[in-house]
Amino acid sequence: MARRGGAPEVNAGSMADIAFLLLIFFLVTTTIETDAGLDRMLPPLEELDEQVLIKQRNIFEVQVSEDGQLLVEEELTPLTELKAKAVAFLDNGGAAQGSPNYCDYCKGERDPDSSDDPVKAIISLKNDRKTKYSVYVTVQNELVAAYNELRNREAKRLGYNMTFTEMDAEYSNQETPDDVKEKLKIRIKKIQDLFPMKLSEAETNKN
Amino acid sequence: MSKFKKKKDGELPPVSTASLPDIVFMLLFFFMTVTVMKDSEPLVDNELPKASETKKLEKKDRIVYIYVGKPTEKYQRVYGTEAKIQLNDKFANVSEVGDYVLEEIAKKPQEIQNAVTTSLKIDKNANMGIVMDIKEQLRKVNALKVNYTTYEGNAFDNLK
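Summary of the structure given here. For clarity, every value in this text was computed on a predicted model and none was experimentally measured. (Residues numbered from 1 in each chain as written. Chains lettered and ligands numbered in written order. Predicted model: local features only at pLDDT ≥ 70, side-chain atom pairs only at ≥ 80, totals over all residues. Heavy atoms only, no water.)

Details of helix H2 (residues 82–90) of chain A
Residue and element names in this part refer to chain A.
Step number 1: Taken residue by residue, H2 has Leu82, Ala86, Val87, Phe89 and Leu90 as its buried positions. For H2, the arc enclosing every buried residue in end-on projection is 165°, short of the 170-degree limit, so these residues lie on one face.
Step number 2: Here the buried face of H2 lies against strand E2 (59–64), strand E3 (70–72), strand E5 (122–127) and helix H3 (133–157). (Buried < 20%, exposed > 50% of the residue type's maximum accessible area, 1.4 Å probe, protein only. Helix = DSSP H or I, 4+ residues; strand = E, 2+ residues; numbered from the N terminus. Arc of directions from axis to C-beta. Contact = heavy atoms within 4.5 Å.)

Here it is as structure tokens:
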């Protein structure tokens, strides 16, 4: 017989289901914070047998002194201008039209005293043992930014509807399906071949 | 008719507490799953520099961490204030870095061993000398993929 007075008991039998539903929802949507940083490949230790001679004009020299000052191509430069200078150097395309190294996608000044073409251009980074790590990371960041700017420009020129950085992020994302990854890989490789990242931290031989 | 008579107005029904355990369990599970256990107590100050062109470090299973920084206050009396290397939960010399990385790589499954990245968590006030030494060590053991782990932000904030 129904109780007199007082509301009927609320059925709590489905509460557990609701709880599990919520639990699963949070499980799926929560991403644990991941670290981020600048990816770099170190050069292998084996010395090259033959000394490769690189023309001085194809080397972009960046030196960081112990007090954090920057010497770019033997010129004292504020850090804020480093990116623009690096872009100008990489994008120069100084090789003459008709020569095998001629760079048809470069939009630089085509100064014969600067890099021949992006594939040959090397950025050489030297630092003092007393240089602060924070300055070093800033310099690295600016140089990577220079490459990214040029690569993004190429991605746009080639008519991809994503920038290079977006494609790269999408490629390393675990949730991207494999067939999309394959497609991205080809595009990323193509752009990387146009502007290969040649950042040397070892001693580079000059000519 | 009196069977279906409504209760008197103004009397509050008791709230059912039968579902309380479920709610508690739900919270418990939630926190259990999202909490990352810190595997080692930090012995060094570790304020990372900022950078804007960062890449995310996906796949935590293929990362080896190396911490560098000034020993925390507790350890400064013993270890001084020069930047030190921390591997797992103890201080280490530069010469131990190579062995440590090899050991960590060997612990990982065979198929990902050549995809291991070394995450360098270096305090922004450390000198490049120690970083260069670590890089030299990593080259010696052929662990060439490194990641200078940073916070995301404006890189020029580092200089202040």
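Notes on the pairing of E2(A)
All names here are of chain A.
Step number 1: Counted residue by residue, E2 has five buried out of six residues, so it is predominantly covered.
Step number 2: Strand direction decides the pairing type here: E2 and E5, joined by six bridges, are parallel. Looking at E5, one finds that Gln63 is bridged to Lys126.
Step number 3: In this sheet, E3 lies alongside E2 in antiparallel orientation, the contact comprising three bridges. Residue Val64 lies in a different strand from E3, and its bridge partner there is Leu70.
Step number 4: Between the antiparallel neighbours E2 and E3 lie five residues, among them Gly68 with a positive phi of about 85°. (Pairing = 2+ DSSP bridges.)

A closer look at the interface of chain A and chain B
Step number 1: Contact with chain A, which involves 53 residues of that partner, is made by 61 residues of chain B.
Step number 2: Where chain A abuts chain B, roughly 5,200 Å² becomes buried across the two surfaces, and 62% of that area is made up of carbon and sulfur atoms.
Step number 3: Our enumeration of links across chain A and chain B arrives at two salt bridges.
Step number 4: Across the salt bridge formed by Arg129(A) and Asp133(B), the nearest N and O atoms sit 2.8 Å from each other.
Step number 5: In this structure, the connection of chain A to chain B is made through 19 residue pairs in polar contact (both at pLDDT 80 or more).
Step number 6: Examining the composition of the side of chain A that touches chain B, we find that twelve residues originate from one element, H3(A), more than from any other.
Step number 7: Classifying every residue of the side of chain A that touches chain B gives 25 nonpolar, 16 polar and twelve charged. (Buried area = accessible area lost by both parts, 1.4 Å probe. Salt bridge = Lys/Arg side-chain N within 4 Å of Asp/Glu carboxyl O. Polar contact = N/O pair within 3.5 Å; in protein donor to acceptor, adjacent residues only side chain to side chain. Nonpolar A, V, L, I, M, F, W, Y, C, P; charged D, E, K, R; others polar.)

Some remarks on the pairing of strand E3 (residues 63–69) of chain B
Residue and element names in this part refer to chain B.
Step number 1: Burial within E3 is extensive, with five of its seven residues counted as buried.
Step number 2: Sheet analysis places E3 next to strand E6 (residues 117–122), joined by six bridges and oriented parallel. Considered in E6, the bridge of Val64 is made with Thr118.
Step number 3: Judged from the three bridges that link them, E3 and strand E4 (residues 84–87) form a sheet pairing that is antiparallel. Counterpart to Tyr67 in the pairing with E4 is Gln86.

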